[in-house]
Amino acid sequence: MKNKTIGLLTSGGDAPGMNAAIRAVTRAAISSGYNVKAIYHGYQGLINGEIEEFTTESVSGIIARGGTILKTARCDDFRTEKGRAKAYEQFKKAGMDALVCIGGNGTLTGALAFADDFGIQCIGIPATIDNDINGTDETIGYDTTLNTIMECVDKIRDTAASHERIFFVEVMGRDAGWLAQSSAIASGAEAAIVPEKTTNVDQLAQYIEKGIRKSKNSSIVIVSESPECGAMHYAERVKKEYPQFDVRVSILGHMQRGGSPSARDRILASVLGSFAVEAIKEGQHNIMVGILNGTPVYVPFAKAIQVQDKSDQTFLNLVATLSN
Ligand code: F6P
């Protein structure tokens with residue numbers, strides 16, 4: 001009987017630790033007697049047939065590298081039945097029996113559709129800096145990004161304090177405030193603005209003023225990215241309504257997605273990568289592997305992609321209490 005062949009791809013926004021996951025899937029699969037076919041450029045590469053056989057050597061020296069050696073893409077074609085049918089042709093042509101998809105919400109949504117269309121054994125591994133996946137404590141990449149933001153805010157704090165300024169620091173997270181609220185705690189910020197909660201500018205100004213009265217000479221407010229209500233928006237409003245504050249904005253941008261993964265992300269990626277291969281061995285279908293309350297779990301795709309409010313009022317209150 002022919003050895004099972006596992007296809008492997010990364011898709012959507014890259015996240016630090018994706019390479020560690022690629023390494024883990026490849027090596028765990030090969031040591032279980034499977035073949036591994038790496039697919040470049042995510043679902044787009046699957047449609048185009050950008051496929052290469054991987055050996056254990058193919059993943060040497062990548063555990064410490066940020067980004068993804070498989071490259072990645074956001075693929076509109078894969079959202080269509082026609083696109084997925086083309087991908088299926090390539091999947092069969094390459095002799096693949098199962099597919100491991102590493103990525104965030106969009107990646108898992110794509111995997112669900114592909115599995116539904118063709119009855120393929122698809123396994124997801126949650127990797128996104130946003131941490132917005134249901135059914136797992138944390139996603140690969142989140143911890144590294146949190147540390148990157150913290151280091152940046154520590155630096156911004158130096159200049160903010162020297163000039164006695166209020167800084168609005170914008171962080172990524174798409175629709176989830178997890179990065180903003182956690183980095184606010186980690187960096188001792190005065191407030192966090194998250195998309196899940198409405199923020200009252202007067203209340204924000206009160207926090208800042210209270211800090212200044214207590215002889216704090218600067219303030220940092222972490223703001224989740226948003227097309228209409230990002231850091232610029234809040235800075236403009238505060239500037240207008242409270243002209244006594246010297247306000248600046250710092251948008252951290254894509255540097256948040258780069259860098260060598262933290263130990264925690266490398267370990268999470270290694271555990272989840274080998275767990276994904278276990279799931280294939282067990283004949284699991286259409287699930288994401290995750291760690292929930294410290295225990296490895298299988299999460300159906302439909303549940304993993306459910307939009308959920310991971311923002312935590314306790315965390316937001318803690319930011320306010322500890323900045324007093
Ligand atoms: O999903 C990860 C993420 O970095 C989000 O935080 C951000 O909104 C988005 O990707 C940016 O995507 P792109 O790099 O395609 O502009």
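In this report, we go over the structure that sits alongside the text. (Residues numbered from 1 in each chain as written. Predicted model: local features only at pLDDT ≥ 70, side-chain atom pairs only at ≥ 80, totals over all residues. Heavy atoms only, no water.)

Let us look at the pairing of strand β6 (residues 166-171). Counting buried positions along β6 gives six out of six residues, so the element sits mostly inside the fold. Here β6 shows two buried faces, one formed by Ile 166, Phe 168 and Glu 170 and the other by Phe 167, Val 169 and Val 171. Bridge analysis of β6 against strand β8 (residues 219-224) gives six bridges, and the strand direction is parallel. Of the residues in β8, the one forming a bridge with Phe 168 is Val 221. (Buried < 20%, exposed > 50% of the residue type's maximum accessible area, 1.4 Å probe, protein only. Helix = DSSP H or I, 4+ residues; strand = E, 2+ residues; numbered from the N terminus. Pairing = 2+ DSSP bridges.)

A few words on the packing of aromatic side chains. Under the definition given, this model contains ten aromatic pairs. Pairing Tyr 88 with Phe 118 gives two aromatic rings, centres 4.2 Å apart and planes at 0 degrees, and the pair type is stacked. Of the two residues, Tyr 88 sits in helix α3 (residues 81-93) while Phe 118 sits in helix α4 (residues 105-118), which places them 30 residues apart along the sequence. Given a relative accessible area of 24%, Tyr 88 falls into the partly exposed group. Overall, the relative accessible area of 26% leaves Phe 118 in the partly exposed class. Geometrically, the ring pair formed by Trp 178 and Phe 315 is stacked, given 6.1 Å between the ring centres and 10 degrees between the ring planes. Here Phe 315 lies in helix α11 (residues 313-322) and Trp 178 lies in helix α6 (residues 178-187), a separation of 137 residues in the sequence. Taken together, the aromatic side chains of Tyr 43, Phe 78, Tyr 88, Phe 91, Phe 114 and Phe 118 make up a single cluster linked through ring pairs. (Phe/Tyr/Trp six-rings, centres within 6.5 Å; stacked < 30°, edge-to-face > 60°.)

A word on the side chain of Thr 5. Tracing the backbone shows Thr 5 in strand β1 (residues 5-10). Within the structure, Thr 5 has its side chain in polar contact with the side chain of Asn 35 (distance 3.3 Å). (Polar contact = N/O pair within 3.5 Å; in protein donor to acceptor, adjacent residues only side chain to side chain.)

A separate point is the environment of Tyr 34. Following the sequence through the fold, Tyr 34 ends up in the loop between α1 (18-31) and β2 (35-39). Taking the C-alpha atoms as reference, Tyr 34 lies 35 Å from Leu 146; in sequence the two are 112 residues apart. Every residue in contact with Tyr 34, bar those within four places of it in the chain, is listed here: Lys 4, Ile 6, Ala 29, Val 277, Ile 280 and Lys 281. (Contact = heavy atoms within 4.5 Å.)

Turning our eyes to something else, we now look at the sheet that holds strand β4 (residues 98-103). Pairing in this open sheet of seven strands is mixed, and the strands run β3-β2-β1-β4-β5-β10-β11 from one edge to the other. What marks the edges here is a single partner per strand, and that holds for β3 (51-54) and β11 (295-300). Between one strand axis and the next, the sheet turns by 30 degrees as a mean value, whatever way the strands run. With four bridges joining them, β2 and β3 adopt antiparallel strand pairing. By the bridge assignment, Ile 39 is partnered in β3 with Ile 51. Relative to β4, α4 is tilted by about 160 degrees, and along the sheet it contacts β4, β5 (121-126) and β10 (287-292). (Axes fitted to C-alpha atoms, helices over the stretch in contact; angles between N-to-C directions.)

Among soluble globular proteins, nonpolar side chains are generally buried collectively. Ile 22, Val 100, Ile 102, Ile 125, Ile 220, Ile 222 and Val 289 are the most contacted members of the largest nonpolar core, which totals 60 residues. Counting residues per element, this core draws most heavily on helix α9 (residues 263-281), at eight residues. Not counting residues within four places of it along the chain, the set of residues in contact with Ile 222 comprises Val 153, Val 169, Val 171, Ala 180, Ser 183, Ala 184, Ser 187, Ala 189, Ala 191, Ala 192 and Ile 193. With 25 residues, the next largest nonpolar core counts Leu 9, Leu 99, Ala 111 and Phe 114 among its residues. (Core = buried A, V, L, I, M, F, W, Y, C linked by side-chain atoms within 4.5 Å.)

Moving on, we get to the pattern of salt bridges. Per the stated rule, a full pass over the model turns up eleven salt bridges. Among the salt bridges present, the one from Glu 236 reaches Lys 239, with a minimum N-O distance of 3.8 Å. Placement of both Glu 236 and Lys 239 in helix α8 (residues 231-241) is noted, with a separation of three residues, approximately one turn of the helix. The salt bridge partner of Lys 281 is Glu 278, with a shortest N-O separation of 3.1 Å. A residue pair is termed a helical-turn pair when its members lie 3 or 4 positions apart in one helix, as Lys 281 and Glu 278 do in helix α9 at three residues. On the basis of relative accessibility, which here comes to 34%, the residue Glu 278 falls in the partly exposed class. A single network of salt bridges, built from pairs that share partners, joins Glu 138, Asp 143 and Arg 264. (Salt bridge = Lys/Arg side-chain N within 4 Å of Asp/Glu carboxyl O.)

Right, let's get into unusual backbone geometry. Working note: non-glycine residues mostly have negative phi, and peptide bonds are mostly trans. The phi dihedral of Lys 71 falls on the positive side, at around 60 degrees, and the residue is not glycine. Within the secondary structure, Lys 71 sits in the loop between β3 and α3. Phi is positive for Asn 293, close to 50 degrees, though the residue is something other than glycine. By the element assignment, Asn 293 lies in the loop between β10 and β11.

Close contacts around the ligand come from Arg 74, Ile 129, Asp 130, Met 172, Gly 173, Arg 174, Glu 225, His 254 and Arg 257, and that covers them all. Here an oxygen atom of the ligand sits 3.1 Å away from a polar atom, N or O, in the main chain of Gly 173. Taking Arg 174, its side chain carries an N or O atom lying 3.5 Å from an oxygen atom of the ligand. Compared with its free state, where it exposes 400 Å², the ligand has 75% of that area covered by protein. (Near = heavy atom within 4 Å. Areas by Shrake-Rupley, 256 points an atom, 1.4 Å probe, with all protein chains shown as cover.)

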